[in-house]
Structures are given as C-alpha cells and as structure tokens.
Amino acid sequence: RIKSHSPSLYLEHLHASTMKTSSWIISLILAINNCAVVSAFISPQHVHKPRANVLPSTSQLQVATASPQITQADLASLSEKGYVVIDNFLPRDLVDDLRDDILNLRSEGAFKEAKIGQDSTNELNTNIRIAETCFLGRNRPELLKLGENSIRDRSGGLYDILDCLCDSLSDLSMKDSATPLDRSLNELLYAYYPEGGFYRRHRDAIPNSASVLRKYSLLLYLNRDGWSPDKDAGQLRMHLDGGGDECPPGVQPNFLDVDPLGGTLVLFKSEAMPHEVLNTMSERFALVGWFNRPVSASDIANLGEGGNLVQVGMMAVALALVTVGVTTILGQ
C-alpha cells in the first residue's frame, strides 16, 4: 500500500540531499502545498480523479473473471531470471481488436515517429530506431476525441487488464524489494514498426534520468495470426551478457530471441535487460509499457546532478502529488 506524504514532510529530506539543486524546486514544493502552481505544470488530464466506490454489475464481474491473469509461476520466473515470456496471454479476438485499434489511430494521425534517448537528449535517430508510437492512457483528451468506447477503455478492456497485471507486479515488487509500484506513473504506448523497421540494442532504465523509475518493462504482441519468424522476422532479442547498451569487451554474446507472435506477453526487469527489435520484414504491432515505482527524494537529488532543472522540478511535483507520469516528464 502506498502511503501518502505531504510535500512539506519531504522538504527536509530534499534540503539535505539536493544542496546543488536550485532553490526554486523547494519553493515549488511549498507552493504545491498551497495548491498555487499545480496548474502551471499539470494539465487537467493528468490530475488523478478517484473512481466512485460503485459495485460492479454481474456482467462486469464475468468479464473480470475471464480477464487474462499472470500466474504465480510466471511471477516467480520474472523474479528469479529477470524475465518471463508468456504465450497466448491474450485471446486471438482481443489481439485482432487491438491491432484494428492501432490501424484506426494511425489513420487518424495519432502516431508519431519514435525518438530515442532520455530527458534532454531525446531525439529522432533513424540509424537506431525506425518505428512509430502513440502514447496511451485513460482520459487522454487527444484519444477520447477519437472515440470514448474503444477496446482500451471499455470494461474488461486493455486498461482493466493492465491494471490487474500491475497489481500482481506490485505485489512481486514488494516481495523482492519492499517497494510497491505506483500505477499513476505507469507508461503505455502502441508501437508500430513498418517493413524494414528496427530498434537497436538499448536499455529502458538509465541511471540519473527520470526513466530510473521504470521497474518492469512490458511487451505485448498484436501481430496477425500466422506470423512467420523467417518471412516476417522482427524478433525481440534480450541480451543476457551482463552489459549495457553494448556487449562487454571480451564477453561472448549471449541472447534470447522471442518471436513476436500475437498474444505473447514479455515482462522483464527494466534496469537489467538490454534488448533490441531485429529488422522487420512485415508490419509489426505491439503494446509497450513500463510499470514504475514511486519517486523518492534521492531520485530528485540524482537527477539534479545532471543539471536539467525543468525535469528536476517535474520530479518534485510527482513526488509531492503523484499525478505526473514519467512519459510526461521525459517528453517523449
């Protein structure tokens, strides 16, 4: 369970650990306590609105019961090996509906060319990545204006399934590190790779950046039935050599390739698993996400060392109000 702390209580910790961080951050947190500057940083769609405590209908209970679930054996594998691959996590009809959702959003202009890098270095680089992305989330106005009853939003749909998955992973995180996950900071996007698309080796959680909050990475493949590893390619390659963005010198390559078959779910520890998307020979559809832990005072101190004061301030806001997602902070 996430305990709620007032911004003023964090101020003492921040003052001790962020002496090199500009004093405006402290003023920012104090102002938040008086609700004076929230609107300057947080747009209405990012403000958390508690759901009414309404009992679900019989039909909703039936949908929830049939919702895809991760098993204890899968969670144990993730904890011990750092990754888990779950075949047929989603049924074929739901995979097809979500792929149609991607095609519809692309036709409406909701996708953008994917960038690489963290924080202020986020940039377009087609030597490292060729793909398109569309950021998702409940109550995003740019998506709601395209339709309010999508397969994502409806009861038992994508968001409900991922909320259940997040709860299971939060329990695992508590067990492994005594740190829960913070659902309000999770990130979620659709990823579309055209024929010839790829994403070279990289990590999802980079020290001294906002991405350090990422605890578990999620990949959920939405490709058509009959995907061929040989003809269509586009495998996920997870590197197990202990390196970062490159294989360590003198170490033999060691990797696991996963075919992106529709309905397959891949989870791995964000900070420990370099990975890449191999060149695709067909259109490739996926859901990508990160389940994030709460912000701590030390995160703000470490990020402050990098000198990006805007992002330090945004991290301070997230620490105080827990309303700003990491995607917003990164500005991807």
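Description of the structure in this document.

Calculation criteria
- Residues numbered from 1 in each chain as written.
- Predicted model: local features only at pLDDT ≥ 70, side-chain atom pairs only at ≥ 80, totals over all residues.
- Heavy atoms only, no water.
- Core = buried A, V, L, I, M, F, W, Y, C linked by side-chain atoms within 4.5 Å.
- Buried < 20%, exposed > 50% of the residue type's maximum accessible area, 1.4 Å probe, protein only.
- Helix = DSSP H or I, 4+ residues; strand = E, 2+ residues; numbered from the N terminus.
- Contact = heavy atoms within 4.5 Å.
- Pairing = 2+ DSSP bridges.
- 1 Å grid on protein atoms, 1.4 Å probe; cavity = no way out; pocket = protein on both sides within 12 Å on 5 of 7 lines; lining within 4 Å.
- Points joined across faces, edges and corners; volume = space filled by probe spheres on them.

With 38 residues, the main nonpolar core has L136, L169, Y190, L267 and L287 as its most contacted residues. Of all the elements in the fold, those that place two or more residues in this core are helix 5 (72-81), strand 1 (83-86), helix 6 (92-107), helix 8 (158-177), strand 5 (187-193), strand 7 (214-221), strand 10 (265-269) and strand 12 (284-292). The dominant element in this core, judged by the number of residues it contributes, is helix 8, at 8 residues. What L267 contacts, discounting residues up to four positions off in sequence, is I70, L78, G82, Y83, V84, L165, L169, S217, L218 and F291. Formed by 21 residues, the second largest nonpolar core is a distinct cluster that contains Y83, A114, I116 and A191.

Bringing the pairing of strand 10 into the picture now. Among the 5 residues in strand 10, 4 count as buried, and that is most of the element. The pairing of strand 1 with strand 10 spans 4 bridges and is classified as antiparallel. Bridging from a neighbouring strand, I86 pairs with L265 of strand 10. Of the strand pairs in this sheet, strand 7 and strand 10 are connected by 5 bridges, and their pairing is antiparallel. Bridge pairing in strand 10 links L219 to V266.

Further remarks concern empty space enclosed by the protein. Tallied over the entire structure, the rule returns 1 cavity of 30 Å³ or more. In this model, the largest cavity occupies a volume close to 30 Å³. If you trace the largest cavity, you find it lined by G137, N139, R140, L143, L144, G147, R152, D153 and Y159.

Shape descriptors only; they carry no functional weight alone.
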